[in-house]
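Below are the chains, spelled out letter by letter.
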Amino acid sequence: MLRFAPRGFAPAFALTLLFAAGSAAQDAEQLFEDGIDAYRRGDNAAAIEALKRSLATNPGNEAAFALWQRAEQEVLLEMLVEQGELGTLTERFLSLAKVGRREVATDPGGARDVVNALLTGGTRESREALLELQATYGAWAVPALVGPLGDRANPDNRVVAIQALLRLGDTAVPPLMAVLQSEDELTRTNAASTLGSIGDARAAAALAWMAKGDDSETARATASGALAKLAPDLQAMGFTAIDPTALTLGLAERWLAGAAELERPYADGSVAWAWVDGALQGRTVPAGIADLALAESAIRIALAAGAGDGVRGHLAAIHASMKAEIEAALAHPALADEDAVQAVAGDLDTLDLNLALAGQHRAAGLDLLLSSRQPASAVALLGAMGRSRAEVQAMRRAVGHRDPSVATAAAITLGSMGDTDATVVARLGAALSTVPDRLVMALGETGLSGSTGGWTLSTARDVVGGLARAKAFPPKDVLVVQDGLQGVTLDTLVFGLKNDPRTADVPLVIVTADVGGVEALYGDQAAAVVEAASWDTVAAAAGPASDAVARAMETARTAAHVLAGMPPSRVQSAGDSAAQALASGADDATKAAVLELAGAAGLTPCLGAAEDVVLNGGSDELTMAALHACARLWAITAPAGDRDALAAALEGALSGGGDMAHAAAEALGQLGGAMPLVAGR
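Residues numbered from 1 in each chain as written. Predicted model: local features only at pLDDT ≥ 70, side-chain atom pairs only at ≥ 80, totals over all residues. Heavy atoms only, no water.

K.L.:
How would you sum up the overall build of the chain? Please name residues and give values.
P.N.:
Secondary structure assignment for the chain yields 36 helices and seven strands. If you take every contact in the chain between residues at least 6 apart in sequence, the share linking residues at least 24 apart comes to 68%. Just so you have it, the chain exposes about 28900 Å², and 50% of that area is on carbon and sulfur atoms. (Helix = DSSP H or I, 4+ residues; strand = E, 2+ residues; numbered from the N terminus. Contact = heavy atoms within 4.5 Å. Areas by Shrake-Rupley, 256 points an atom, 1.4 Å probe, with all protein chains shown as cover.)

K.L.:
Talk me through unusual backbone geometry; I want residue IDs and the actual numbers.
P.N.:
We note that Asp 277 has phi near 50 degrees; this positive angle belongs to a residue other than glycine. Overall, the relative accessible area of 77% leaves Asp 277 in the exposed class. Positive phi values are uncommon outside glycine, yet Arg 373 reaches one of about 60 degrees. Note that Arg 373 resides in the loop between helix 20 (362–371) and helix 21 (375–382). Since its relative accessible area comes to 54%, Arg 373 is described here as exposed. (Buried < 20%, exposed > 50% of the residue type's maximum accessible area, 1.4 Å probe, protein only.)

K.L.:
Talk me through helix 21; I want residue IDs and the actual numbers.
P.N.:
Counting along an α-helix, one turn takes 3.6 residues, and residues three or four places apart therefore face a common direction. Among all positions of helix 21, only Ser 377, Ala 378, Ala 380, Leu 381 and Leu 382 are buried. In this structure, the buried residues of helix 21 make contact with helix 17 (312–331), helix 19 (347–357), helix 20, helix 22 (389–399) and helix 23 (404–416).

K.L.:
Tell me about the pattern of salt bridges, and name the residues and values.
P.N.:
Scanning the entire structure with this criterion turns up 14 salt bridges. Asp 347 serves as the salt-bridge partner of Arg 283, at 2.8 Å between the closest nitrogen and oxygen. With Arg 283 in strand 2 (residues 279–284) and Asp 347 in helix 19, the pair connects residues that are 64 residues apart, well separated along the chain. We classify Asp 347 as partly exposed; its relative accessible area is 22%. The network of salt bridges with shared partners includes Lys 471, Asp 500 and Arg 502. (Salt bridge = Lys/Arg side-chain N within 4 Å of Asp/Glu carboxyl O.)

K.L.:
Can you tell me about the pairing of strand 2, naming the residues and giving the values?
P.N.:
Consecutive residues of a regular strand have side chains that alternate between opposite faces of the sheet. Taken together, the six bridges between strand 1 (residues 271–276) and strand 2 define a ladder with antiparallel strand orientation. Bridge pairing in strand 2 places Ala 274 opposite Gln 281. Between strand 1 and strand 2, which pair antiparallel one after the other, the connecting turn spans two residues, and Asp 277 there sits at a positive phi close to 50 degrees. (Pairing = 2+ DSSP bridges.)

K.L.:
I'd like a description of the packing of helix 24 (residues 422–433) against helix 31 (residues 575–582), backed by residues and values.
P.N.:
Helix 31 packs onto helix 24 with a crossing angle of 15 degrees between their chain directions and a minimal axis gap of 7 Å. In terms of orientation, helix 24 and helix 31 fall into the roughly parallel class. Like other packed secondary-structure pairs, helix 24 and helix 31 cross with a definite hand, here left-handed. Facing helix 24, whose interface residues are Gly 429, Ala 430, Leu 432 and Ser 433, helix 31 presents Ser 577, Ala 578, Gln 580 and Ala 581. Partitioned by chemical class, the residues of the contact of helix 24 with helix 31 number four nonpolar, four polar and no charged. (Axes fitted to C-alpha atoms, helices over the stretch in contact; angles between N-to-C directions. Parallel < 35°, antiparallel > 145°, perpendicular 65-115°, else oblique. Left-handed = near helix turned anticlockwise from the far one by under 90°. Nonpolar A, V, L, I, M, F, W, Y, C, P; charged D, E, K, R; others polar.)

K.L.:
So what about the packing of aromatic side chains? Which residues, and what values?
P.N.:
Throughout the structure, instances matching the rule amount to one aromatic pair. Ring geometry for Trp 140 versus Trp 273: centroids 5.1 Å apart, planes at 55 degrees, classification tilted. With Trp 140 in the loop between helix 7 (123–137) and helix 8 (142–149) and Trp 273 in strand 1, this residue pair connects regions lying 133 residues apart in the sequence. Trp 140 gets classed as buried once you look at its relative accessible area, which sits at 9%. Trp 273 gets classed as buried once you look at its relative accessible area, which sits at 12%. (Phe/Tyr/Trp six-rings, centres within 6.5 Å; stacked < 30°, edge-to-face > 60°.)

K.L.:
Can you break down the nonpolar core residue by residue, with the values?
P.N.:
The biggest cluster of nonpolar side chains holds 147 residues, and the ones touching the most others in it are Leu 176, Leu 207, Leu 366, Leu 428, Leu 432, Leu 563 and Leu 650. Among the elements that line this core, the one with the most residues is helix 16 (residues 287–304), at ten residues. Setting aside residues no more than four positions away along its own chain, Leu 432 makes contact with Ala 556, Ala 559, Ala 560, Leu 563, Ala 574, Ser 577, Ala 578, Ala 581, Val 594 and Leu 597. Of all hydrophobic cores here, the second largest spans 22 residues; its members include Leu 479, Leu 485, Val 515 and Val 518. (Core = buried A, V, L, I, M, F, W, Y, C linked by side-chain atoms within 4.5 Å.)

K.L.:
So what's going on with helix 24? Which residues, and what values?
P.N.:
Helix length check: helix 24, at twelve residues, gives a terminal C-alpha distance of 18 Å against a target of 16 Å (1.5 Å per residue), a fit within 8%. Every buried residue of helix 24 is listed here: Val 424, Val 425, Arg 427, Leu 428, Gly 429, Ala 431 and Leu 432. (Expected span 1.5 Å × (residues − 1).)

K.L.:
Now, about the sheet that holds strand 4 (residues 455–460): what can you tell me, with residues and values included?
P.N.:
Taken in spatial order, the five strands line up as 4-3-5-6-7 in an open sheet, and their pairing is parallel. One side of each edge strand has no neighbouring strand; the edge strands of this open sheet are strand 4 and strand 7 (528–530). In this sheet, adjacent strand axes meet at a mean angle of 20 degrees when their direction is disregarded. Of the strand pairs in this sheet, strand 5 (residues 478–482) and strand 6 (residues 508–511) are connected by four bridges, and their pairing is parallel. When the bridges of strand 6 are listed, Gln 482 appears paired with Val 511. In the packing of helix 27 (residues 515–522) onto the sheet, contacts are made with strand 6 and strand 7, and the angle to strand 7 comes to roughly 160 degrees.

K.L.:
Residues and numbers for the side chain of Arg 158, please.
P.N.:
In this structure, Arg 158 sits in helix 9 (residues 155–168). Discounting chain neighbours no more than four positions away, the residues touching Arg 158 are Pro 148, Leu 149, Gly 150, Asp 151, Arg 152, Leu 186 and Asn 190.

K.L.:
Just give me the short version of the environment of Ala 610, but keep the residues and values in it.
P.N.:
Inspection of the secondary structure puts Ala 610 in helix 33 (residues 607–616). Residue classification places Ala 610 among the buried positions, given a relative accessible area of 0%. Taking the C-alpha atoms as reference points, Ala 610 and Leu 627, 17 residues apart in sequence, are found 7.4 Å from one another.

This is the structure:
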């Protein structure tokens, strides 16, 4: 999710609380603004000099963050992608600003001092405090405003708190949604009123449940009035009635799908909010988790309000999506060590428990994820499926899904449960030799269409939804973007993709009519700049697919193990796929698993490959599997190769002793023909 929003310049006095006292701080501020002004005029040399002098004053992280937040973001984006010294200097400011944001998220308690200044200061001090809450703390200011929001002793404090929350705008919506669970009637009533004034449809379900079931008549009326203000946006989203359950399910489905109308790509940070032990608590989370946390909260509120089991399928889908996001982040080299990722890694056990508690409602969750085009989440849920009739039926539908990862995961789960239906066996057989398609995301009119071997194409026309899908898991192998999309500059697209760890290292192809100009501007940031993209362009940009191959081999091994546990008569149709896997570039571990399957099921098409290992050698694991396969297959049919050469190779293996000698003796016994007895001592 992008982290910038056009704000314009703030008055200079608004920065005084963010800098150490003295002329050095004022100089840093003025020089930074001078640098941006110079860039606007086209005087890059003056801009470079001003930024150098500003950095020379050693502005702190919080100061740099405040400057960055207040500056006109479109100009900063253009400066960031400049070649040479100007771009480097701007990146330096960004790095300082990022550290400042992390410090705020780690220790947001300073917002209470700023709120105190807001409540007790004069006009100028209060205005400065309000600007600082907006620029520095964002959503983290809301916990400090909760107390004043419900201050019965001082109505002025309540008014000031509401004004501050309105100034924060949609940034304040997620934490305010949690505040609706407050035990204090006045606090939650004012939170509901504020949400209505902000006018953000994300709060609709929470307000609807409050309007229906709050213990306070005043709170119910306030929530109902706030909900009425959201009606136009809800109607535009297709909600025809203000029903709490329908709103809950509909919003949850949109959060799962990353719907553009609920995305806030310019929001400030990714935080999950909850009302715990009488207080608002926030936790920094990976970007993909924040919206799912809103969906989970909406479902939990619905359950507590008596919505019934009809919402539990959606909750299972949400938990599976959270699991998929966390596991994918932990597996991503650029994300695994992030504090936010490590913080949620401990949630996996809880998510597994919740998925187990979902019972047969997992069936509805699986159907929802597949209809929402969430294959990675569906695969995560398939690993938790049980044996209820509804779940088995849902998995059988999934076996026929067009996404091979989903179809294979469903087949593996069903096969592990003893399901030997022909469609299950066929899908497992295909997994033995199928490398999954690589993923390309195209944003805009890029020239890519249709499909080609080894690639799956995902397209988007709107920028917000496209960026969200580009960054969603599973990771994309290539991103292709059009220069000139309506409402967004190429600078913004490149910045949004290259400054997010989920897409920073993904090869980027830019489609533009001005190839030379864009190449000169972006340099190494683009893998290719072309007038129209082709599949050859995509393949060249992508490079080797080592991770995809590794995942394919792991899936093939799992499929082989499942097939090996089935009755041999049910597995014969997988023989040709197994032979193809043995002829591929699979690693020894995968070939060994397939050979063990060939032996267990008597797959005679694999005999030639097994004999090749006996004759030419391989790792101990592969050789053992080949000997077992040959022993079983020679009991069924004649050898495919030279009997004498095979016998000689097996006699040589006898001398090694141990398990290898025993396997060689078993194979030699099945090969038949003249052979010596092993002499005893």
